[in-house]
Amino acid sequence: MREAPSSIEGKDLIYIRSINLKTTAGYGSWAQHKPQPVILSLYLKTSVALAGSTDHLPYSIHYGHVCKVVSELVESCTFRTLEHLAEEVSKLALGDKLHGEWVQVIVEKPRSLLRADAAAISIVRRKDGAREVEDKVLIRGLRLVTVIGVNPWEREEGQTVVVNLTLHKPMKRSAPKNVEGVFDTHYDYRKVAKVVTECVERTSYKTVEALATAVARVVCVQCEVDKVTVSVEKPSALTFADCAGVEITRHRAFFERIEGPESHDFFLIEEPQTTHRAFIAFGSNIGDRFEWIRGAVAQLDRRGHTVRKSSSLYESKPMYYLDQPEFLNGVCEIETKLSPMSLLKELKDIEDTMGRKKTIEKGPRNIDLDILLYDQLVMDSEELTIPHKLMLEREFVLRPLCDIAPMFAHPLTSTSFRVHLQSLPPSTTAHQPPLRTYVPLAKSIPILDPLDPHRRTLLMAVLNLTPDSFSDGGKHFGDPSSVASTVREFISAGADIIDIGGQSTRPGASDIGVKEELNRVIPAIEHIRTAGIDIPISVDTFRAEVAARAIAAGADIINDISAGMLDEQILSVAASTGVPIVLTHTRGTPQTMNSLASYKDIIQEVGEELEARVDEALAKGVRRWQIVLDPGLGFAKNMKQNLEVIKRLDRLRDRERLRGLPWLLGPSRKRFIGAVTGVADPLKRGWGTAGAVAGCIAGGADIVRVHDVQEMSKVIAMADSIWRSSTVAESA
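Residues numbered from 1 in each chain as written. Predicted model: local features only at pLDDT ≥ 70, side-chain atom pairs only at ≥ 80, totals over all residues. Heavy atoms only, no water.

A. Here's a closer look at the pattern of salt bridges. Evaluation of the coordinates by the stated rule reveals 43 salt bridges. We note a salt bridge from Lys317 to Glu326, for which the minimum N-O separation is 3.2 Å. Across the salt bridge formed by Arg705 and Asp540, the nearest N and O atoms sit 3.2 Å from each other. One end of the pair, Arg705, is in strand E26 (residues 703–706); the other, Asp540, is in strand E21 (residues 537–540), with 165 residues separating them in the sequence. Through salt bridges that share partners, Arg289, Glu315, Lys317, Glu326 and Arg436 make up one connected network. (Salt bridge = Lys/Arg side-chain N within 4 Å of Asp/Glu carboxyl O. Helix = DSSP H or I, 4+ residues; strand = E, 2+ residues; numbered from the N terminus.)

B. A look at helix H20 (residues 709–723). With 15 residues, H20 ought to run about 21 Å at 1.5 Å a step, and its terminal C-alpha atoms sit 20 Å apart, in line with that. Every buried residue of H20 is accounted for by Val709, Met712, Ser713, Val715, Ile716, Ala719 and Asp720. The buried residues of H20 occupy an angular sector of 160 degrees when the element is viewed end-on, so they sit on one face. For H20, the exposed residues lying more than 90 degrees away from the buried face are Lys714 and Met718. Tucked into the core, H20 has its buried residues touching strand E19 (458–464), helix H11 (483–493), helix H19 (686–699) and E26. At the exit of H20 stands Ser725, carrying a positive phi of roughly 55 degrees. (Expected span 1.5 Å × (residues − 1). Buried < 20%, exposed > 50% of the residue type's maximum accessible area, 1.4 Å probe, protein only. Arc of directions from axis to C-beta. Contact = heavy atoms within 4.5 Å.)

C. Layout of the sheet that holds strand E25 (residues 664–665). Taken together, the eight strands give an open sheet; going across it, the order is E24-E23-E22-E21-E20-E19-E26-E25, and neighbouring strands pair in parallel fashion. The open sheet is flanked by strand E24 (627–630) and E25, the only strands paired with a single partner. As paired strands, E21 and strand E22 (residues 557–560) are joined by three bridges and run parallel to one another. For Val539, the partnering residue across the bridge sits in E22 and is Ile558. (Pairing = 2+ DSSP bridges.)

D. Structural view of the nonpolar core. Of all hydrophobic cores here, the largest spans 78 residues; its most connected members are Ile498, Ile500, Ile558, Leu583, Ile627 and Leu629. The contact partners of Leu629, leaving out residues within four places of it in the chain, are Leu583, Leu610, Val614, Leu658, Leu661, Pro662, Trp663 and Leu664. Counting residues in hydrophobic clusters, the runner-up holds 69 residues, among them Phe79, Leu144, Val192 and Val230. (Core = buried A, V, L, I, M, F, W, Y, C linked by side-chain atoms within 4.5 Å.)

E. Spatial organisation of the packing of aromatic side chains. One pass over the structure, following the stated rule, counts five aromatic pairs. Centroid distance Phe408 to Phe417: 6.4 Å. Interplanar angle 5 degrees. Geometry classified as stacked. Residue classification places Phe408 among the buried residues on the basis of a relative accessible area of 4%. Three or more aromatic residues joined by ring pairs make a cluster, and in this case those are Phe279, Phe408 and Phe417. One residue, Lys45, lies across the ring of Trp102, its end atom 4.5 Å from the ring centre. (Phe/Tyr/Trp six-rings, centres within 6.5 Å; stacked < 30°, edge-to-face > 60°. Lys NZ or Arg CZ within 6 Å of the ring centre and 35° of its normal.)

F. Expanded view of the confidence of the model for the chain. Summary statistics for the chain give a mean pLDDT of 86 and a share of 87% for residues scoring 70 or more. Contacts from residues 173–183, a stretch scored under 50 in pLDDT, to residues over four places away or in other chains number 23 contacts. Ignoring residues within four places in sequence, the model shows residues 726–732, a span with pLDDT below 50, making seven contacts including any to other chains. (pLDDT = per-residue confidence, 0-100.)

G. The arrangement of the environment of Ile445 in detail. Take Ile445: it is sitting in the loop between strand E18 (436–438) and E19. For the pair Ile445 and Ile497, spaced 52 residues apart in sequence, the C-alpha separation works out to 8.7 Å. The contacts of Ile445, once residues within four sequence positions are left out, are Leu458, Asp496, Ile497 and Pro536.

H. Main features of the packing of helix H2 (residues 63–76) against helix H3 (residues 82–94). Running from N to C, H2 and H3 cross one another at 145 degrees; their axes reach a closest spacing of 10 Å. With respect to the hand of their crossing, H2 and H3 are arranged in right-handed fashion. For the pair formed by H2 and H3, the contact residues are Val69, Val70, Leu73 and Val74 on the first element and Leu85, Glu88, Val89 and Leu92 on the second. Its residues placed into classes, the contact of H2 with H3 shows seven nonpolar, no polar and one charged. (Axes fitted to C-alpha atoms, helices over the stretch in contact; angles between N-to-C directions. Left-handed = near helix turned anticlockwise from the far one by under 90°. Nonpolar A, V, L, I, M, F, W, Y, C, P; charged D, E, K, R; others polar.)

I. Representation of unusual backbone geometry in the model. Cis peptide bonds are those with omega within 30 degrees of zero, and the linkage from Ile386 to Pro387 qualifies with -5 degrees. Secondary-structure assignment places Pro387 in the loop between strand E17 (385–386) and helix H9 (395–404). Phi is positive for Ser18, which is not a glycine, with a value near 60 degrees. Relative to the helices and strands, Ser18 resides in strand E1 (residues 12–25).

J. Broad picture of the pairing of strand E2 (residues 36–46). The element E2 is largely enclosed, with a buried count of eight among its eleven residues. For E1 and E2, the ladder comprises ten bridges, and the chain directions are antiparallel. Looking at E2, one finds that Ile19 is bridged to Leu40. Summarising the sheet, E2 and strand E4 (residues 102–109) pair through six bridges and their orientation is antiparallel. From the neighbouring strand, Leu40 faces E4, where its bridge partner is Val107.

Following this line, the structure appears as structure tokens:
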């Protein structure tokens, strides 16, 4: 790390390098306030044109005079710190004795640190008081011993690494008056050297890059230094070279950006915590994998560990031991009061309680629970290693982890998990096929994979029990016994899900109240189940009580047009019952939504507002694998906005925080279709609905909600054959 200026940078330079002096400047390596050796270098910007062209002595700098006056000052005074010494020398250089206009002073103290060659201070000062570069505190040649490298013999014992640090102090516009020469305590080189030593020597790294990044992180985050340059050298790396090394410069903002405000201290947790943040990986490949996983996560909650977030579920081919079934994997974030070892014992007890029997290492198991991360702790024992030592090579760990914490940094690499996931080689081979998302909507329909480009679009048939319905003209209002025959017709026509609603949610609809909605919905669901029809039933309601009663009567899915905003307890119902819930984008109520259709960027704002609803659902205990999203066609949107949502649906699906979640769209017979086609009667908007349904499927919809089941099932089949390459029976 070169600190000396160069004539390339502007003016000529006159310098005296490495004057060896003796003075008292703070404490030495043994914390004694006694005279110590210092090495001082002085650089003055000037012009040597006259002296260079005439070789005339009066135009030349008298080096002996400069050295003499500087030496007299340094050796005759006592200084509080190196900073104080450097400031006094700069004042001398810019004063009446030396008449400098610009000066750089570098003061090294070779006996300042026991394990380093020197500590130093470098400052630049101008006579006009302006600051043009940062002051720097340097630690040179800090020799530490750590385990580093990928070769087997490098993992057996520690080896020497040499760390050089430059701490860049934030620049001020002008020098303060009455400078005392005292730096911010965050730039105390003794404290920094101690923290870095503890950081490096208690951990092991595979690469010098990871070590350098970790050192930069601990200096910026734990020591609160705004900017640091780190050079790490590995003297034993190459036989015919002095060393191999890495140099990086990082700002504290870099680590705050990738970790966010929730990051903890890196290696030293100075304040005791009553609760801890941990990430738990779970997997299963025997029996009903989904039920094993759901039961294990529920056990964590029941045992007092709050499950804050959960990932989507992913199917993956086995690794290591290949002769076994495919795995279902995921990750959850918990809040726990247990220590790491106690948490490990708790997880093993859950596995034992659920009947896990370990027969083959990394072999089949009904449930597997592993601690991935625990705060920012780094530990390595025979029983437990944190962070989990294999997590960075496993897509089935990194991908679900990125569902819930993409910007969280790995404690050893200080690199976000999003970057680690992106760094994995693509999974495209027969032995390593891409992960498949796993969305279990109901047992009677196939598992949904929203990321599968060849997936089949599901048809949700609308069955309204309202007197003012434009789907069936109130055909079933007050006559639940007729519902079963209609449902059978829907199934014959191609329906996958039946969506039953007793409260109209169209813009401007009046509220009928919970009692009337229950009277309409519950008997209809009971009639369907009594008739032995097992098609999945979705209940279209924004009321928690209606949702709970409907599920008890036999419904499988909650379809809430308000995403929990009109009755937040509906999210708790979804959490406690474990059924899927559709979170629909809207604003306000059915009575006010039309007045709230104002957007600067419809896709950006709908995406952000849905992300907020997903966060709220997760906070209420809903698992990510339960969530279906609906952009809310016709809800708080005008005609152009609805069309824009369909046109740019892929942008919503590709948002990082929403990726992998299934999407339901309901364009059927809505007002914007009438506005485009000029058809006022909702019952005659079938052709326009067909075009909208095809557009939804082209954009990536997983489920479409329609009224005209027979006609739209054919539209879906055609659209799937074009955009999804689904298997369609060929006709002669």
